[in-house]
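As a plain string of letters, each chain reads:
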Amino acid sequence: MSKIKIEKALKKYGDHTVISSLDLDIRDGELFTLLGPSGCGKTTLLRMIAGFNSIEGGDFYFNDQRINDMEPSMRNIGMVFQNYAIFPHMSVRQNVEFGLKQRKMDRKEITERADRFLKLMQIEEYADRMPENLSGGQQQRIALARALVIEPDVLLMDEPLSNLDAKLRLEMREVIRTIQKNVGITTVYVTHDQEEAMAISDTIAVMNHGVLQQIASPKEIYHRPSNVFVATFIGRVNIMDGRYDHESRILRLEGGYEMAYEAGFDSQKVLVAIRPEEFEMSQKVGGLHGVVEDAVFLGLNTHYHLRLDNGERVEVIKVSSMEESYMLGEDVYLKILSEKINLFNEDGSVNLLMSI
Amino acid sequence: MKAFAKRRLDSWALITIILLLLYLVFMVYPVGNLLIQSVIDKATQTFSLDSFIKFFSKPYYLSTLFNSFKVSISATLLALLVGTPLAYFFTAYRIKGAKVLRILIIIASMSAPFIGAYSWILLLGRNGVLTQLIYSISGIMPPDIYGFTGILLVFTLQLFPLIFLYASGALKNVDHSLMEASENMGCIGIKRFVKVVLPLITPSLLAGALLVFMRALADFGTPMLIGEGYRTFPVLIFNEFLSEVGGDDSFAAAIAVVAILITTAVFLVQKIIARKKSFTMNALHPMTPKELKGIKKVFVYLFSYGVVGLAVMPQCYVIYTSFINTKGMVFQSGYSLDSYISAFETLGNSIQNTILIPGISLVIIILMAVLIAYLSVRRRNAATSLLDILSMIPYIVPGTVAGIALLSAFNSGIFGSGVLAISATMSIMVVALVIRRLPYTIRSSVAILSQIPISIEEAALSLGASKMKTFFKITIPMMASGIISGAILSWVTMISELSTAILLSTYKTQTLSVATYTEVIRGNYGVAAALSTILTVLTVISLLIFMKLSKGEDLSI
Ligand SMILES: Nc1ncnc2c1ncn2[C@@H]1O[C@H](COP(=O)(O)OP(=O)(O)OP(=O)(O)O)[C@@H](O)[C@H]1O
Ligand SMILES: [Mg+2]
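All values derive from a computational prediction rather than experimental measurement.

Colleague: When you look at the overall build of chain B in this model, what are you seeing that I'm missing?
Modeller: Helices and strands together make up the secondary structure of chain B, namely 24 helices and 4 strands. At 25 Å, chain B has a C-alpha radius of gyration in line with the 24 Å of a compact globule built from 557 residues. Counting across all 557 residues of chain B, residues that qualify as buried make up 55%. Restricting the contact set of chain B to residue pairs at least 6 apart, pairs at least 24 apart contribute 80%. Looking at chain B as shown, the accessible area adds up to about 24700 Å², and 70% of this sits on carbon and sulfur atoms. Charge-centre separation for chain B: the mean point of 41 positive side chains lies 10 Å from the mean point of 23 negative side chains.

Colleague: For this particular structure, what's the right way to read the overall build of chain A?
Modeller: Counting secondary structure elements, chain A contains 8 helices and 20 strands. Referenced to the eigenvectors of the C-alpha coordinate spread, the extents of chain A come out at roughly 75 × 50 × 35 Å. A buried classification covers 54% of the 356 residues belonging to chain A. At a minimum sequence separation of 6, the contacts of chain A that also span at least 24 residues come to 63%. Here chain A has roughly 15900 Å² of accessible surface; of this, 49% comes from carbon and sulfur atoms. Mean positive and mean negative side-chain charge positions of chain A (41 and 54 charges, respectively) differ by 5 Å.

Colleague: Can you walk me through the pattern of salt bridges in this structure?
Modeller: Opposite charge on two side chains permits them to pair, given that their charged atoms come into close proximity. Taken as a whole, this structure holds 31 salt bridges over all chains when the rule is applied. For Arg47 of chain A, the salt bridge identified is with Glu458 of chain B, shortest N-O distance 2.5 Å. In this pair, Arg47 of chain A sits in helix 1 (residues 42–50) while Glu458 of chain B sits in helix 20 (residues 454–462), so the two residues belong to two different chains. Both residues of the pair, Arg47 of chain A and Glu458 of chain B, belong to the buried class. A single salt-bridge network, built from bridges that share partners, covers Arg93, Glu97, Lys101, Arg107 and Asp115 of chain A.

Colleague: Explain the pairing of strand 9 (residues 203–208) of chain A to me, please; I cannot follow it from the model alone.
Modeller: Here is the key point about a regular strand: its side chains alternate between the two faces of the sheet. Residues and elements named next belong to chain A. Counting buried positions along strand 9 yields 6 of 6 residues, so the element is predominantly enclosed. Across 4 bridges, the pairing between strand 3 (residues 31–35) and strand 9 is parallel. Counterpart to Leu35 in the pairing with strand 9 is Val206. Two elements, strand 9 and strand 10 (residues 211–216), share 5 bridges in a ladder whose sense is antiparallel. Bridged to Ala205 within strand 10 is Ile215.

Colleague: I keep staring at a nonpolar patch on the surface and nothing clicks. Help me out?
Modeller: On the surface, Tyr320, Phe323, Tyr335, Leu337 and Ile341 of chain B cluster together into a nonpolar patch covering about 530 Å² of accessible area. Turning to its location among the elements, Leu337 of chain B is positioned in the loop between strand 4 (330–335) and helix 15 (338–346).

Colleague: Mind showing me how you'd approach the coordination of the magnesium ion (ligand 2) here?
Modeller: When a metal carries six donors in an octahedron, the ideal angles between them are 90 or 180 degrees, while four donors in a tetrahedron ideally lie at 109.5 degrees. Residues and elements named next belong to chain A. Bound to the magnesium ion (ligand 2) on the protein side are Thr43 (OG1) and Gln82 (OE1), at distances that span 1.8 to 2.4 Å. Taken together, the positions of Thr43 in helix 1 and Gln82 in the loop between strand 6 (77–80) and helix 2 (92–102) put the pair 39 residues apart, joining distant regions of the chain. On the accessibility criterion, Thr43 (27% relative accessible area) is partly exposed.

Colleague: Quick question: what am I supposed to make of helix 10 (residues 189–218) of chain B here?
Modeller: Along an α-helix, residues three or four positions apart point the same way, because every turn accommodates 3.6 residues. Given a rise of 1.5 Å per residue, 30 residues ought to cover 44 Å, yet the end C-alpha atoms of helix 10 of chain B are separated by just 37 Å, more than 12% below that figure. Taking the largest bend as the criterion, helix 10 of chain B deviates by roughly 55°, centred on Thr202 of chain B, and proline Pro203 of chain B comes between one and four positions later.

Colleague: Help me out: how do you make sense of the packing of aromatic side chains in this one?
Modeller: Centre distance and the angle of the planes are the two values used to describe a pair of aromatic rings. Enumeration over the complete set of coordinates arrives at 35 aromatic pairs over all chains. Ring geometry for Tyr374 of chain B and Phe471 of chain B: centres 4.9 Å apart, planes at 75°, overall edge-to-face. With Tyr374 of chain B in helix 16 (residues 348–378) and Phe471 of chain B in helix 21 (residues 467–495), the pair connects residues that are 97 residues apart, well separated along the chain. Under the relative-accessibility criterion, Phe471 of chain B is labelled buried at 2%. In textbook terms, an aromatic cluster arises when at least three aromatic residues are bridged by ring pairs, as seen for Phe55, Phe56, Tyr60, Tyr61, Phe233 and Phe251 of chain B. Directly above the aromatic system of Tyr222 of chain A lies the positively charged group of Arg275 of chain A, at a separation of 4.1 Å from the ring centroid.

Colleague: I would appreciate a short explanation of the interface of chain A and chain B in the present structure.
Modeller: By a frequent convention, interface size equals the accessible area lost on bringing the separate parts together. With 26 residues of chain A at the contact, the number on the chain B side is 23 residues. Of the roughly 2200 Å² buried where chain A meets chain B, counting both sides, 61% is carbon and sulfur surface. For the interface between chain A and chain B, the tally reads 2 salt bridges. Taken together, the links from chain A to chain B amount to 6 residue pairs in polar contact (both at pLDDT 80 or more). For the side of chain A that touches chain B, the secondary structure elements donating two or more residues are strand 6 and helix 2 of chain A. Per element, the largest residue contribution to the side of chain A that touches chain B is 3 residues, and it comes from helix 2 of chain A. Across the side of chain A that touches chain B, the residue classes tally to 12 nonpolar, 7 polar and 7 charged.

Colleague: What should I look at first to understand the site of ligand 1 in this one?
Modeller: Residues and elements named next belong to chain A. Ligand 1 sits among Tyr13, Val18, Ser38, Gly39, Cys40, Gly41, Lys42, Thr43, Thr44, Gln82, Glu159 and His192. Here a nitrogen atom of ligand 1 and a side-chain polar atom of Tyr13 are 3.3 Å apart. The side chain of Ser38 places a nitrogen or oxygen atom 2.4 Å from an oxygen atom of ligand 1. Here ligand 1, which alone exposes 640 Å², has 61% of that area covered by the protein. Among the elements that make up the shell around ligand 1, the one with the highest residue count is helix 1 (3 residues).

Colleague: Mind showing me how you'd approach the pairing of strand 1 (residues 4–13) of chain A here?
Modeller: Residue and element names in this part refer to chain A. Here 5 bridges tie strand 1 to strand 4 (residues 57–62), and the two strands are oriented antiparallel to one another. Bridging from a neighbouring strand, Ile4 pairs with Phe62 of strand 4. One ladder, built from 7 bridges, connects strand 1 with strand 2 (residues 16–26); its direction is antiparallel. Within strand 2, the residue paired with Ile4 across the bridge is Ile26.

Colleague: Explanation requested: the sheet that holds strand 13 (residues 258–260) of chain A in the structure shown.
Modeller: Residues and elements named next belong to chain A. With respect to topology, 5 strands assemble into an open sheet ordered 13-12-11-14-20, the strand pairing being antiparallel. A single partner strand is all that each edge strand has here, and the edge strands are strand 13 and strand 20 (342–344). Averaged over all adjacent pairs, the angle separating strand axes in this sheet is 35°, with direction ignored.

Colleague: So what exactly am I meant to see when it comes to the packing of helix 20 of chain B against helix 21 of chain B here?
Modeller: Two measures define how a pair of helices packs: the angle their axes make with one another and the distance between the axes. Residue and element names in this part refer to chain B. Taken N-terminus to C-terminus, the directions of helix 20 and helix 21 make an angle of 145°; their axes are 9 Å apart at the nearest point. For the crossing formed where helix 20 meets helix 21, the hand is right-handed. Residues Ile456, Glu457, Ala460 and Leu461 of helix 20 form the contact with helix 21, whose own contacting residues are Lys467, Thr470, Ile474, Thr475 and Met478. Across the contact of helix 20 with helix 21, the residue classes tally to 5 nonpolar, 2 polar and 2 charged.

Colleague: What am I meant to see in the side chain of Glu196 of chain A here?
Modeller: Residue and element names in this part refer to chain A. Relative to the assigned elements, Glu196 resides in helix 6 (residues 194–200). Salt bridges are absent for the buried Glu196, whose nearest opposite-charge side chain, Arg169, sits at 4.1 Å. Polar side-chain contacts of Glu196 include one of 2.6 Å to the side chain of Tyr189. The residues touching Glu196, leaving out its near neighbours within four places in the chain, are Leu161, Arg169, Arg173, Tyr189 and Thr191.

What counts, and where the lines are drawn
Residues numbered from 1 in each chain as written. Chains lettered and ligands numbered in written order. Predicted model: local features only at pLDDT ≥ 70, side-chain atom pairs only at ≥ 80, totals over all residues. Heavy atoms only, no water. Helix = DSSP H or I, 4+ residues; strand = E, 2+ residues; numbered from the N terminus. Rg over C-alpha atoms; globule rule 2.2 N^0.38 Å. Buried < 20%, exposed > 50% of the residue type's maximum accessible area, 1.4 Å probe, protein only. Contact = heavy atoms within 4.5 Å. Areas by Shrake-Rupley, 256 points an atom, 1.4 Å probe, with all protein chains shown as cover. Lys, Arg positive; Asp, Glu negative; His and termini not counted. Charge placed at Lys NZ, Arg CZ, Asp CG, Glu CD. Salt bridge = Lys/Arg side-chain N within 4 Å of Asp/Glu carboxyl O. Pairing = 2+ DSSP bridges. Patch = residues over 30% accessible without salt bridge, like charges linked within 9 Å, V, L, I, M, F, W, Y side chains within 5 Å. Donors = N, O, S within 2.8 Å, 3.2 Å for Na, K, Ca; no water. Expected span 1.5 Å × (residues − 1). Bend = angle between axes of the 7 residues up to and from the residue. Phe/Tyr/Trp six-rings, centres within 6.5 Å; stacked < 30°, edge-to-face > 60°. Lys NZ or Arg CZ within 6 Å of the ring centre and 35° of its normal. Buried area = accessible area lost by both parts, 1.4 Å probe. Polar contact = N/O pair within 3.5 Å; in protein donor to acceptor, adjacent residues only side chain to side chain. Nonpolar A, V, L, I, M, F, W, Y, C, P; charged D, E, K, R; others polar. Near = heavy atom within 4 Å. Axes fitted to C-alpha atoms, helices over the stretch in contact; angles between N-to-C directions. Left-handed = near helix turned anticlockwise from the far one by under 90°.

See below:
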């Protein structure tokens, strides 16, 4: 139950700057996800919030309290570590109860709470085992139970589901989400699974090289990525060179495709980002010509890879149907759903549609 | 850096300061005091290098240095020659009874060297049983055991187990595929051992060799007993110090300083070589012992059993003689427990001391080692780095020198003030043992702690446990098993320690090893044998407990 505010955070390891001047606001009770490629500094930032990393500059607040100098044990946080960090010399139950014992609850309540979370995480049958022989997924759930059971003000999770199978991952995702919402725990969640991020988050922050690229709702991140990095990192996207002509209100693609386009910026070279489902594909002549090189049937959808006349490859997704399907080597024509696409400036750093 | 200023003032900072103070008082001060003494002329109280000049200008003194080097280098080479093939045989071939042999090797290495020397005198000395036997059979007197040969024999048999242990540890990390690869290329047998295996284990052999060399160089009891005219450096230090007490201690101090300089140099040279050659190995599939056939089998068995037999023979013979009726230096006919009875009558205290002094030391060592390891792994800063460096100094201070330094530092209290005048008490013996043994325990604790991910401690902190609580409830329990097995090894080396104990103990505080040594010197061979047997039993029991607890893990010495 606290909001988190970070101002001008700076992190260095020796001379190596990992995070420089990062600002962040996390609302009370929201599930905030840090998403980014490996090595971009997610764990580093999380550990700064937890108090385990030194802070080379900037200010960190929980609500209005500056926490830079506060002991980690006083911050009332729950943390799920990337490598689980299970206490190897304690049984599963003792692991889960550890935090409760520090809070000097009475024995009965400790047992009850621990039982509830062991059950929620589906590890009650291992309660009295030592953790060393449990699988990675089981250990991860101990770590989750241990962090959740204390109902902290702030929950920090570093890829908490990375080692679970697909089914368990979905179930645990729900459990985390439910507890988090019911208790109203402000949660910072680190992952590099974008689908998981989409499903669970109130807000997503996409990070690269220690810099936050965009902070927005999952929907916005997907539909209005703030730059090409975010567009390519979240979901699939085709990036094409093009040129927007303001006088004639026409957008020309490199491959020779033209379409009417109404935008409020000057004529310039642009990068056009088109998600695979933002194409309309048919055999009818007209539009961008391509040849089917590959088709992957995935049930609901079919993914096509096409080779355009200028040699570029694009990916197109179509809802599968019995009647309609395309053969390898077949000629097809693409139309672009212009209301959905995004346009970026030439170096890809700014979404032109957002800057107006 | 505001964040840091505040953090540093936690309980760990206080512990750092206390530890630094302890080192200052019990190590920096005594060693510094020794250094100063060595360059001060007692009569005029002025700076003078006379003692050093005296040492380096007299062949009589210099020759001891030469002798020490000669015997230590020879012993190191021989130990390598014996220990390395033995380790290879044990790893590469299936040898019946290997497990028992291994235990015997460890036991042999853990006993006090001077007992080995004493026993070899009984066996091969002028009136030794073997000497007599050989003479009566062949009519020829076997070569003299005293002097260089005897010391070398005792050192080699005593110290090759160190090489064996280091080499075994390294061989465990040599992947089987490497052996097969070289076999594919037509490189087998001795050639493969020399070209492939040996280079891989060289770093470990170097580390082992350093240890052997240092021990040989610093050992005092062996040359004292079996050396006769062959005077080594520690013997010189001991004699000079004893004869100079109350007189010119500047000279004894100067010799001690020379000793420290030499060991420092050796230590540094080894560090440099080891750094150049170091690489990490990790075997996915260690070598599996192969079955042996024919003449090779005979040779391997003869070598393995022969070496181990020689190594444990002195111990066994001493145990045997402890049950013989004895009068002074002469063994009579018939067996009895008389030696034990008179041992217990005259020396009741020393058994208690042997348990009490190392016991107290052990508790202090464990506590300090864990704290220092934690500080230097988890809280690295200028102060803890200093602590780290200070804690390694005892590596290069030979036992006899440490004893002298402590004695002269605390004889009349710190700087002669009467404060901490502990020179005739049990405390000074505890201090000596702690200082000498601490670096080893610190090193193994550091190794254990580095294996534990820091996030486990962080997890405890995040769950609301304080730093101290985290340390005691999480860190210590996780380190416990490793520390306990290390502690038992420390214990074993401490109960048979002689070179400082002989200087520091009084009649009231004497230990079993000192008592044994004294009885040997006095010529009460029966009592000496009984005492030595008791010591051996203590050692073996401790080692068995160790093996039980460590479940076959590596010995780190
Ligand atoms: N203790 C450290 N000392 C030096 N550099 C470090 C340290 N910890 C992390 N780094 C570096 O900081 C950068 C960010 O690391 P971090 O662990 O935060 O990445 P991450 O985003 O969590 O990656 P992953 O998704 O792989 O877990 C990396 O380049 C890493 O090498
Ligand atoms: Mg990470």
